[in-house]
Amino acid sequence: MIQSETKTKVRANSPLNDYITDFLEYCEIERNRSQLTIQAYDHYLRRFAEFAREQGINTPENITLDTIRAFRLYLNRLPARDGRNLKLVTQQYHIIAIRAFLKYLIKRDVKTFAPEKIELAKNPSREVSVLTNDEIKRLLQAIAQEPSEMLQLRDRAILITLFSSGLRISELVSLKKDGLNLKLGEFTVRGKGDKLRLSFLSPDAIVAINAYLKKRVDNHPSLFISHSKVGESVTKQMEAQGSKGKVIGLTPRSIQRLVKKYCKIAGIMHQVSPHTFRHSFATDLLQNGADIRSVQSLLGHASITTTQIYTHITNQGLRDIHKKFHSAAE
């Protein structure tokens, strides 16, 4: 990540960074992109601008195919936080951002390199990790180790909601109490690209959420909140915090720590994240006969290609089907 003092210097002296700022504002206003998307574009494009500056390139018209190739080589050799090289998909996100930026410049009649000349590398087949039914049971049983009844109720509701609805972590933490119809077991969620979709809750999830909400004594709008002082109302917590205005709603990082905690207690050794529940949700649907188009809608995928990453998992069952119903010629 570019250090703040470097970013300030680059933005002050580079026309390229001025155009990047214009592009980000365009994404926010005209394209109505989410803040997460804009932040990602900002990070990727500022990194590219810093690299270009070190190559003596400060204006869009000086960007060439050699510039793009050199940057791709730089990304491929750039170590991530864990010491490994950047994942190919992360490298691709940088290039996608650059192509979008160049398309914007051409639309504004700014002379620059043609974005259609930039080819994306072919991604290897993506592997996804899922939870077995036994592992899900063990996770829910692990919640009993939490000494606070309030946190037990909340955490159980969170894990069951993740598995029963296939929500993204950002969608989960954005849920509001008045946005759920617990009688019908459905709600509308705003997903990527600010798109709305209908999601559903299992009977177990409805029971778990109702039990949690019945225990709460606050009027905070968020469905899931932190309980820094269990047993004390959220109103009292906010009054005690005064002008600090601490956010009560849970963050994605809070959910990640929660999942990691119960995986450790349950003895689940493979890597599990909140997104693993989404993978498990999709896989469970497909294995039980749901058609891929319906799964695409339930997940909120813009392209069915994204949903197809789950088919290689469900296709593993084809071997058993083949063995059971097809006999080799004798």
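Going by the structure above, here's the rest.
Note that this is a predicted model, so its numbers are computed, not measured. (Residues numbered from 1 in each chain as written. Predicted model: local features only at pLDDT ≥ 70, side-chain atom pairs only at ≥ 80, totals over all residues. Heavy atoms only, no water.)

### Remarks on the environment of Thr132
Examined against the element boundaries, Thr132 turns out to sit in the loop between helix H5 (88-107) and helix H6 (133-142). Each C-alpha atom of the pair Thr132 and Asp284 lies 9.3 Å from the other, and the pair is 152 residues apart in sequence. (Helix = DSSP H or I, 4+ residues; strand = E, 2+ residues; numbered from the N terminus.)

### Quick look at helix H4 (residues 65-76)
For H4, spanning twelve residues, the distance from its first C-alpha to its last is 17 Å, which sits close to the expected 16 Å at 1.5 Å a residue. For H4, the set of buried residues is Thr67, Ile68, Phe71 and Leu75. Projection of H4 onto a plane perpendicular to its axis shows the buried side chains occupying an angular sector of 95°, all on one side. Exposed and oriented more than 90 degrees from the buried face of H4 are Asp66 and Arg69. Elements that come into contact with the buried residues of H4 comprise helix H3 (35-54) and H5. (Expected span 1.5 Å × (residues − 1). Buried < 20%, exposed > 50% of the residue type's maximum accessible area, 1.4 Å probe, protein only. Arc of directions from axis to C-beta. Contact = heavy atoms within 4.5 Å.)

### A closer look at the packing of aromatic side chains
Per the stated rule, a full pass over the model turns up eleven aromatic pairs. Measuring from ring centre to ring centre gives 5.5 Å for Phe23 and Tyr104, while their planes differ by 55°; the resulting arrangement is tilted. Linking Phe23 in helix H2 (residues 15-29) with Tyr104 in helix H5, this pair joins segments that are 81 residues apart in sequence. For the pair Phe23 and Tyr104, a shared accessibility class is recorded, and that class is buried. Seen in terms of ring centroids, Tyr212 and Phe224 are 5.9 Å apart; in terms of plane orientation they differ by 25°. Their pairing is stacked. One end of the pair, Tyr212, is in helix H9 (residues 203-215); the other, Phe224, is in the loop between H9 and helix H10 (234-241), with twelve residues separating them in the sequence. Each member of the pair Tyr212 and Phe224 is classed as buried. Among the aromatic residues, those joined into a ring-pair cluster are Phe23, Tyr26, Tyr41, Phe101 and Tyr104. (Phe/Tyr/Trp six-rings, centres within 6.5 Å; stacked < 30°, edge-to-face > 60°.)

### Quick look at a positive patch on the surface
Side chains of Arg31, Arg33, Lys107 and Lys195 sit close together on the surface and give a patch of like positive charge. As for its position among the elements, Lys195 is in the loop between strand E2 (186-190) and strand E3 (196-200). (Patch = residues over 30% accessible without salt bridge, like charges linked within 9 Å, V, L, I, M, F, W, Y side chains within 5 Å. Areas by Shrake-Rupley, 256 points an atom, 1.4 Å probe, with all protein chains shown as cover. Salt bridge = Lys/Arg side-chain N within 4 Å of Asp/Glu carboxyl O. Lys, Arg positive; Asp, Glu negative; His and termini not counted. Charge placed at Lys NZ, Arg CZ, Asp CG, Glu CD.)

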